[in-house]
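Residue-level structure breakdown
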Amino acid sequence: MNRIDKLFQRREKNILSVFYTAGFPGLNDTVTIARHLEAAGADMIEIGIPFSDPIADGPVIQRSNNRAIANGMTLKLLLDQVKQIRQTVTMPLLLMGYLNPVLQYGVEKFFTDAAEAGADGLILPDLPPEEFELKYRKKAMQAGIHVVFLVTPSSADERIRLLDSLSGGFLYAVSLSGVTGTRTSFTTEQDEFLKRLQKLKLKNPVLAGFGISNSESFHAACRLANGAIVGSAFISLLENSHNLQAQIEGFIHNLRSLPVPEGK
Amino acid sequence: MTYKISEGGFYGEYGGAYIPEMLWRNIEELRTRYMDIIQDESFQRRFYSLLKDFAGRPTPLYFASRLSAQYGARIYLKREDLCHTGAHKINNTIGQILLAQKLGKTRIIAETGAGQHGVATATVCALMGMPCTVYMGKTDVERQQPNVARMKLLGAEVIPVTSGNATLKDATNEALRHWIAHPLDTHYIIGSVVGPHPFPDMVARFQSVISAEIRQQLTEKEGNPYPDYVVACVGGGSNAAGAFYHFLDDEHVQLIGVEAAGKGLQSGHAAATLALGKPGVLHGCKTLVMQTADGQITEPYSVSAGLDYPGVGPLHAHLFATGRAKFMSATDEEALRAGLEVSRTEGIIPALETAHAFAILPKLNLSKDDVVVINLSGRGDKDLQAYNQLI
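What counts as what
- Residues numbered from 1 in each chain as written.
- Chains lettered and ligands numbered in written order.
- Predicted model: local features only at pLDDT ≥ 70, side-chain atom pairs only at ≥ 80, totals over all residues.
- Heavy atoms only, no water.
- Helix = DSSP H or I, 4+ residues; strand = E, 2+ residues; numbered from the N terminus.
- Rg over C-alpha atoms; globule rule 2.2 N^0.38 Å.
- Buried < 20%, exposed > 50% of the residue type's maximum accessible area, 1.4 Å probe, protein only.
- Areas by Shrake-Rupley, 256 points an atom, 1.4 Å probe, with all protein chains shown as cover.
- Pairing = 2+ DSSP bridges.
- Right-handed = clockwise from strand over helix to strand, strands pointing away.
- Expected span 1.5 Å × (residues − 1).
- Contact = heavy atoms within 4.5 Å.
- Salt bridge = Lys/Arg side-chain N within 4 Å of Asp/Glu carboxyl O.
- Polar contact = N/O pair within 3.5 Å; in protein donor to acceptor, adjacent residues only side chain to side chain.
- Phe/Tyr/Trp six-rings, centres within 6.5 Å; stacked < 30°, edge-to-face > 60°.
- Buried area = accessible area lost by both parts, 1.4 Å probe.
- Axes fitted to C-alpha atoms, helices over the stretch in contact; angles between N-to-C directions.
- Core = buried A, V, L, I, M, F, W, Y, C linked by side-chain atoms within 4.5 Å.
- pLDDT = per-residue confidence, 0-100.

A count of helical and extended segments in chain A gives 12 helices and nine strands. At 17 Å, chain A has a C-alpha radius of gyration in line with the 18 Å of a compact globule built from 264 residues. Within the span of chain A, comprising 264 residues, buried residues form 60% of the whole. When the accessible surface of chain A is totalled, it reaches about 10400 Å², and 51% of it is carbon and sulfur.

Here we come to the pairing of strand 6 (residues 132-137) of chain B. Successive residues of a regular strand alternate their side chains across the two faces of the sheet. All names here are of chain B. Within strand 6, six of the six residues are buried, which leaves it mostly tucked inside the rest of the structure. Of the two faces of strand 6, the one lined by C132, V134 and M136 and the one lined by T133, Y135 and G137 are each fully buried. One ladder, built from five bridges, connects strand 5 (residues 107-112) with strand 6; its direction is parallel. Bridge pairing links E111 to Y135 in strand 6. Crossover handedness for the path strand 5 to helix 5 (residues 116-128) to strand 6: right-handed. Bridge count for strand 6 against strand 7 (residues 157-161) is five bridges, and the pairing is parallel. Along strand 7, the bridge assignment pairs Y135 with I159.

We now examine helix 14 (residues 332-346) of chain B. Residues and elements named next belong to chain B. Taking 1.5 Å per residue, 15 residues should reach 21 Å; helix 14 reaches 21 Å between its end C-alpha atoms and fits that length. Among the residues making up helix 14, those that are buried are D332, A335, L336, A338, G339, L340, V342, S343, T345 and E346. On its buried face, helix 14 is in contact with strand 3 (61-63), helix 3 (65-71), strand 10 (254-262), strand 13 (325-331), helix 15 (352-359) and helix 16 (384-388). G347 sits one or two residues past helix 14 and shows a positive phi near 70 degrees.

Residue and element names in this part refer to chain A. Strand order in the open sheet formed by nine strands is 5-4-3-2-1-9-8-7-6, with parallel pairing between adjacent strands. On the outer flanks of this sheet lie strand 5 (146-147) and strand 6 (150-151), each paired with one strand and no other. In the sheet, strand 1 (residues 15-21) pairs with strand 2 (residues 44-49) via five bridges, with the strands oriented parallel. Note on strand 2: the bridge partner recorded for V18 is I45.

Residue and element names in this part refer to chain B. The full count for this structure, using the stated rule, is 36 salt bridges over all chains. Across the pair E213 and R57 runs a salt bridge, and its minimum N-O distance is 2.8 Å. Of this pair, E213 sits in helix 10 (residues 209-222) while R57 is found in the loop between helix 2 (41-53) and strand 3, placing the two residues 156 residues apart along the sequence. With respect to burial, E213 and R57 carry one shared label: buried.

Moving on, we come to the environment of Q81 of chain A. Residue and element names in this part refer to chain A. Looking at where Q81 falls in the secondary structure, it is placed in helix 4 (residues 75-88). Filtering out sequence-adjacent residues up to four positions away, Q81 remains in contact with L27, N28, T30, V31 and M73. At 2.8 Å, the side chain of Q81 forms a polar contact with the side chain of T30.

Time to look at the packing of aromatic side chains. Any pair of aromatic rings gets described here by the distance separating the centres and the angle formed by the planes. Residue and element names in this part refer to chain B. With the rule as written, the count across this model stands at 18 aromatic pairs over all chains. Residues W179 and F199 carry aromatic rings whose centres are separated by 6.0 Å and whose planes lie at 65 degrees to one another, so their mutual orientation is edge-to-face. Of the two residues, W179 is situated in helix 8 (residues 168-181) and F199 in helix 9 (residues 199-207); the sequence distance between them amounts to 20 residues. An identical accessibility class is assigned to W179 and F199; each is buried.

Take the interface of chain A and chain B next. The partner chain B presents 33 residues to the 37 residues of chain A that form the contact. Carbon and sulfur atoms make up 54% of the surface buried where chain A meets chain B, a total of about 2700 Å² over both sides. The interface formed by chain A and chain B holds three salt bridges in total. When the shortest N-O distance is used, the salt bridge between E21 of chain B and R159 of chain A registers 2.9 Å. Linking chain A with chain B are 15 residue pairs in polar contact (both at pLDDT 80 or more), by the criterion used here. Secondary structure elements with two or more residues in the side of chain A that touches chain B: helix 3 (59-71), helix 5 (99-105), helix 7 (129-143), strand 6 and helix 8 (157-166) of chain A. Among the elements that line the side of chain A that touches chain B, the one with the most residues is helix 5 of chain A, at five residues.

This brings us to the sheet that holds strand 14 (residues 371-376) of chain B. Residue and element names in this part refer to chain B. As summarised here, the arrangement of the six strands in space is 3-4-14-9-10-13, forming an open sheet in which the pairing is mixed. Across the chains shown, the open sheet's two edge strands, defined by having one partner strand only, are strand 3 and strand 13. Sheet twist, expressed as the mean angle between neighbouring strand axes with direction ignored, is 25 degrees. Set on the sheet, helix 10 makes contact with strand 3, strand 4 (74-79) and strand 14; between it and strand 4 the angle comes to about 140 degrees. Strand contacts of helix 15: strand 4, strand 9 (229-233), strand 10, strand 13 and strand 14, with the helix running at about 145 degrees to strand 9, the strand carrying the most contacts.

Note that soluble globular proteins tend to have their nonpolar side chains buried in a common cluster. Counting residues in hydrophobic clusters, the biggest one holds 190 residues, and the most contacted among them are Y20, L37, L95, F110 and F111 of chain A. Each residue touching F110 of chain A, except ones within four places of it in the same chain, is listed here: I49, L75, L79, L95, V102, Y105 and L122 of chain A. Counting residues in hydrophobic clusters, the runner-up holds 29 residues, among them A64, I256, M328 and L364 of chain B.

Geometrically, the link from R57 of chain B to P58 of chain B is a cis peptide bond, its omega value of -5 degrees lying close to zero. Its place among the elements puts P58 of chain B in the loop between helix 2 and strand 3. Note that the residue after H197 of chain B, namely P198 of chain B, is joined by a cis bond; omega there is 15 degrees. Examined against the element boundaries, P198 of chain B turns out to sit in the loop between strand 8 (186-189) and helix 9. The backbone of N14 of chain A shows a phi angle near 55 degrees, a positive value even though the residue is not glycine. By the secondary structure assignment, N14 of chain A is in the loop between helix 1 (3-10) and strand 1. Positive phi, normally seen in glycine, also occurs at N365 of chain B, with a value near 50 degrees. With respect to the helices, strands and loops of the structure, N365 of chain B is situated in the loop between helix 15 and strand 14.

Attention now goes to the side chain of T121 of chain B. Of note, T121 of chain B is situated in helix 5. Leaving out residues up to four positions away in the same chain, T121 of chain B has contacts with T93, I108, A110, C132 and I189 of chain B.

Residues and elements named next belong to chain B. Burial runs high along strand 5: six of the six residues are buried. Summarising the sheet, strand 5 and strand 8 pair through four bridges and their orientation is parallel. Bridging across to strand 8, I109 finds its partner in Y188.

Let us look at the confidence of the model for chain B. Residues shown with low pLDDT carry predicted positions that ought not to be read at fine detail. Mean pLDDT over chain B stands at 96; residues scoring 70 or higher make up 100%. Scored by ipTM, the complex comes to 0.95, with pTM at 0.96.

Structure (structure tokens):
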């Protein structure tokens, strides 16, 4: 059984997934960071495939992409790193990235090789769901790898149902308009969107992403979703890191801690 | 063989809408409504009235007698340089701002490289009283100061983009990011036949007025609407798309696109995407893209800031794949010399982009009855500094 499914079978609440960019801050930190994250108590990791033109990302992730590419990061190297990660790390692992590098690698070959390396899921935000269904869905199923789709407040209900039917593992709820890493607090727009998703009675669990940066926004998201994804805030930490292990431990601990209620 | 867009938004295998879900509603709104809006009679009336009275259309089809004598053919110049703001770009921005109004949008954003599209967008925003934000790579802001000043004078906000290499592709990234964050009130006026469907088809339709006029004007001057050659420069490819559009199904009309070979096609400093690119996805569409083996987009080079885009419109990728159009290239030096030659032979200073189209004239092996139409897409006032090296 796919590790993502196992995770959600075991636990339905407060899932913490952490996104970071492969090959950043150092080329081989991809592996080290995964180990530290598991030790610190993250539930799942999403490793970003660096791309020169990340149109859905804000400045923090853009910078990490540029640095990773300058470090010499490639998709092939990332698959080697995933194999290394899998020697010790048991939590679900997803690869997330823009379509072009995957197209150059070969989409079908990538599904197979990523699964073989030990990845459980893929998130390709600019892969149209219609094209996935027509050309690649069968291959993904054969490889035993989930492809996770994004839904946003601007997606119509019918569209959300389509994305939910194609998505494997979970549904990635981008809970606010905007690119990554540009907001710090959870808003009523996000609340309303997650409530709307609950009413749709979807087949997949829902993880909320974009705008999750601290314990307060993490727990706010967890009240209405199965968990949340933190990305830019974690990459900011890595950007200024001098002791990866200690800082990652502290970061995860702080995120998990219940926030101090307002006014106290 | 069809050269028109398919129901699903593809030209052959190129095109489509490869966008993150955050842009889905905007693109879906455009996709489902653009044809109804632009074919509506009141829209057409308003569009053509602005093209006529505001942009100065129809632009002349000028018989270039001295160039014709020099190359031994009948060479006509489609004078898009005489459009208001100095280039064909205004055809598209008029169309798109009218469309944005029909969609109820209240703000406009745009990207620009050399600044021609930025100026054309700022111009129509001033005309319609709509706020306008133009994203422009910091490098381009510095080397295209006169156009930055024009945009500001017209009331636009110019935002210098520092991400990536700080040029056109980065400005496009930033405009897309802004659109993702402001999906409801904002329309993004893309400047070329690139981006997710329906932009390539929509922009081609707005620019197709160029070839519609050529047909009519050639009929008056030559007795039939068909030239032997239509020649246009290609960066993203909007002026070429407009000049080719109404000849696409007339297979006996040879369509020739000219890309920028920079310092030489194989020098590593070129912008000839069709010659050097591989299939990929950039800015929401599948097309030919200049990239590394690992799929990272590379920064193109050309002396002309309007041609250095690492992708190309999916229509052109299809015309290239099917052989319907022939694509050639010209180096910086060939383009500069051709621009100088046209200036002194015909008294017209072409934009450096356009100069690339003229540069292939010696390579066409023309005979005296050949009718050649060159799309003179823009005027060269902005390029005086580059031309100055030659004088």
